[in-house]
Amino acid sequence: MDPSASSSSSKKKPVAIITIGMAGAGKSTFVQRINSYLHSQDPPAPPYILNLDPAVTHVPFEANIDIRDTVNYPEVMKQYNLGPNGGILTALNLFTTKFDQVLGLVEKRAEEVDYVILDTPGQIEIFTWSASGAIITDAVASSLPTVVAYIIDTPRTTAPATFMSNMLYACSILYKTKLPFILVFNKTDVQPHEFALEWMHDFELFQAALASHSGTHDSEGEPTYMNSLMNSMSLVLDEFYKHLKAVGVSSMTGDGIKEFFDAVEASREEYEKEYLPELERARAQREKTLQAAKEDSMNRLMKDLEIDRAKNPHGALADRWDPENEGEDEDDGNINIVDRSKSLVIVMTPTPAGQVSSVKGCVPSLIIVC
Ligand SMILES: Nc1nc2c(ncn2[C@@H]2O[C@H](COP(=O)(O)OP(=O)(O)OP(=O)(O)O)[C@@H](O)[C@H]2O)c(=O)[nH]1
């Protein structure tokens, strides 16, 4: 399907594409490729792009929102005494505390764009166990139809063990986010991806590849522990593969990008049919629980007040709301994230080491006028 087709009078919501993948899999190159594909449509459909990698030195596309404008990554490493990986994770955690502002900006542009694309750091653990990954995916998915594009370095996945390890990561992200999921076998100009599709559709083929791979049998010809483990895992993953769409692309040549967008459109339907009703059910349940908790604490408060007033009628007279004092205590030390193309960007850096436990420990340290 032509991606620009969605720019009709009854404008559909844009689809958010969250690219996730191991370091070097080609996420940024892929984002640039889909960006240029969308620009080349008739009429051009430029996407809204977010760069969430604080450590990247060069991005091949022009990001509308760039985490590097907000969080000073080298400073975070220094202040928290962290290495590169911990620094990226902490920088993203800091940024996540302002993600409501990011979403506000994205929502403002929702009428004008068909796609919102997120490029993420190669630290895949962000999406398997860190809080910020879950906050980002949940926040985006509660506002827009969302799909995860899991980018795989195909030439580096030809060994059955590496393939399996990559699939396990993908599996844990799928079950954590529960979002429509596309496996994007990248770099097909170097290594076609058909072998991977065969392994996914027929686990016996995968087991045969595993058996013929060196190092899978011990000196007595018995399968090694790893071999047996992977054999069993391939049966488990068989179920997981049924929930996936897989496409082969070359971010270098542009091959397969149209098929990728076909998969994105199919994922939009999946989001609307499966994810959205589940999200609304969870929201309604949360609302109900919250309301019940509020009523319960209000009842208890009223009871306590009645007892207090009965015991201390003089104190009760002084217990009155004074409109004159309203708003005096408000602490509005806001740090704003803004669209790069619009005006002002404020950079957050932590206050001296040891004093920071949340974003309140951050102070605006640099103002850039774009
Ligand atoms: N041949 C070929 N090379 C590619 C392709 N896509 C990306 N590359 C190369 O793979 C390398 C890594 O690409 P990046 O886009 O930086 O990968 P990344 O996943 O964003 O990396 P991190 O930011 O470290 O997570 C670069 O040298 C790219 O030129 C492709 O489709 N074909």
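In the annotation of an unreviewed UniProt entry, the entry for the protein chain reads GPN-loop GTPase, and the organism field reads Lyophyllum shimeji. Recorded in UniProt for the protein chain, the comment headed Function (unreviewed entry) runs: "Small GTPase required for proper nuclear import of RNA polymerase II (RNAPII). May act at an RNAP assembly step prior to nuclear import." Word for word, the UniProt comment on the protein chain under Subunit (unreviewed entry) is "Binds to RNA polymerase II."

Caption draft 1: Looking closely at the layout of surface pockets. Approximately 520 Å³ is the volume found for the largest pocket. What lines the largest pocket is a set of 21 residues, among which Thr177, Lys178, Leu179, Tyr275 and Glu278 lie closest to the centre. Looking at the lining of the largest pocket, the elements that each hand over two or more residues are helix H6 (131–143), helix H7 (160–177) and helix H11 (257–311). A total of eight residues in the lining of the largest pocket trace back to one element, the largest contributor, which is H11.

Caption draft 2: Just a negative patch on the surface, in detail. Residues Glu194, Glu198, Asp202 and Glu204 make up a contiguous surface patch of negative charge. One can find Glu194 in helix H8 (residues 194–201).

Caption draft 3: Representation of the nonpolar core in the model. The biggest cluster of nonpolar side chains holds 63 residues, and the ones touching the most others in it are Phe95, Val116, Tyr150, Phe163, Phe181 and Leu183. Examining the composition of this core, we find that seven residues originate from one element, H7, more than from any other. Setting aside residues no more than four positions away along its own chain, Phe181 makes contact with Val148, Tyr150, Ala170, Ile173, Leu174, Leu244 and Lys245. Counting residues in hydrophobic clusters, the runner-up holds 27 residues, among them Leu38, Tyr115, Val247 and Phe260.

Caption draft 4: The arrangement of the sheet that holds strand S2 (residues 48–51) in detail. Strand order in the open sheet formed by seven strands is S3-S2-S4-S1-S5-S6-S7, and the pairing between neighbours is parallel. The open sheet is flanked by strand S3 (65–66) and strand S7 (245–248), the only strands paired with a single partner. Relative to strand S5 (residues 146–153), strand S1 (residues 15–21) is paired through six bridges, and the arrangement is parallel. Bridged to Ile20 within S5 is Tyr150. Its contacts with the sheet place helix H1 (residues 27–39) against S1, S2, strand S4 (115–119), S5 and strand S6 (181–186), and it is angled at close to 160° to S4. In the packing of H11 onto the sheet, contacts are made with S1, S4, S5, S6 and S7, and the angle to S7 comes to roughly 165°.

Caption draft 5: Fine view of the packing of helix H9 (residues 203–212) against helix H10 (residues 225–241). Contact geometry for H9 and H10: axes closest at 10 Å, N-to-C directions at 165°. On the basis of the axis angle, H9 is roughly antiparallel to H10. At the point where H9 passes H10, the crossing takes the right-handed sense. Contacts between H9 and H10 involve Phe203, Phe206, Gln207 and Leu210 from the first element and Asn227, Met230, Asn231, Ser234, Leu235 and Asp238 from the second. Residue composition of the contact of H9 with H10, by class: five nonpolar, four polar and one charged.

Caption draft 6: Region of interest: the site of the ligand. Near the ligand you find 17 residues, and of these Gly26, Lys27, Thr29, Asp189 and Ser251 are the closest. Between the ligand and the protein, one listed contact pairs an oxygen atom with a side-chain N or O atom of Lys27 at 2.7 Å. Note that an oxygen atom of the ligand is positioned 3.0 Å from one of the backbone N or O atoms of Ser28. A total of 650 Å² of accessible area belongs to the ligand in isolation, and the protein chains cover 70% of it.

Caption draft 7: Quick look at the pairing of S1. Of all the seven residues making up S1, seven are buried; the element is thus mostly covered by neighbouring parts of the structure. Of the two faces of S1, the one lined by Val15, Ile17, Thr19 and Gly21 and the one lined by Ala16, Ile18 and Ile20 are each fully buried. Alignment of S1 against S4, held across five bridges, turns out to be parallel. Residue Ala16 lies in a different strand from S4, and its bridge partner there is Val116.

Basis of the calculations
- Residues numbered from 1 in each chain as written.
- Predicted model: local features only at pLDDT ≥ 70, side-chain atom pairs only at ≥ 80, totals over all residues.
- Heavy atoms only, no water.
- UniProt positions renumbered as here; feature names shortened; annotations may be inferred.
- 1 Å grid on protein atoms, 1.4 Å probe; cavity = no way out; pocket = protein on both sides within 12 Å on 5 of 7 lines; lining within 4 Å.
- Points joined across faces, edges and corners; volume = space filled by probe spheres on them.
- Helix = DSSP H or I, 4+ residues; strand = E, 2+ residues; numbered from the N terminus.
- Patch = residues over 30% accessible without salt bridge, like charges linked within 9 Å, V, L, I, M, F, W, Y side chains within 5 Å.
- Areas by Shrake-Rupley, 256 points an atom, 1.4 Å probe, with all protein chains shown as cover.
- Salt bridge = Lys/Arg side-chain N within 4 Å of Asp/Glu carboxyl O.
- Lys, Arg positive; Asp, Glu negative; His and termini not counted.
- Charge placed at Lys NZ, Arg CZ, Asp CG, Glu CD.
- Core = buried A, V, L, I, M, F, W, Y, C linked by side-chain atoms within 4.5 Å.
- Buried < 20%, exposed > 50% of the residue type's maximum accessible area, 1.4 Å probe, protein only.
- Contact = heavy atoms within 4.5 Å.
- Pairing = 2+ DSSP bridges.
- Axes fitted to C-alpha atoms, helices over the stretch in contact; angles between N-to-C directions.
- Parallel < 35°, antiparallel > 145°, perpendicular 65-115°, else oblique.
- Left-handed = near helix turned anticlockwise from the far one by under 90°.
- Nonpolar A, V, L, I, M, F, W, Y, C, P; charged D, E, K, R; others polar.
- Near = heavy atom within 4 Å.
- Polar contact = N/O pair within 3.5 Å; in protein donor to acceptor, adjacent residues only side chain to side chain.

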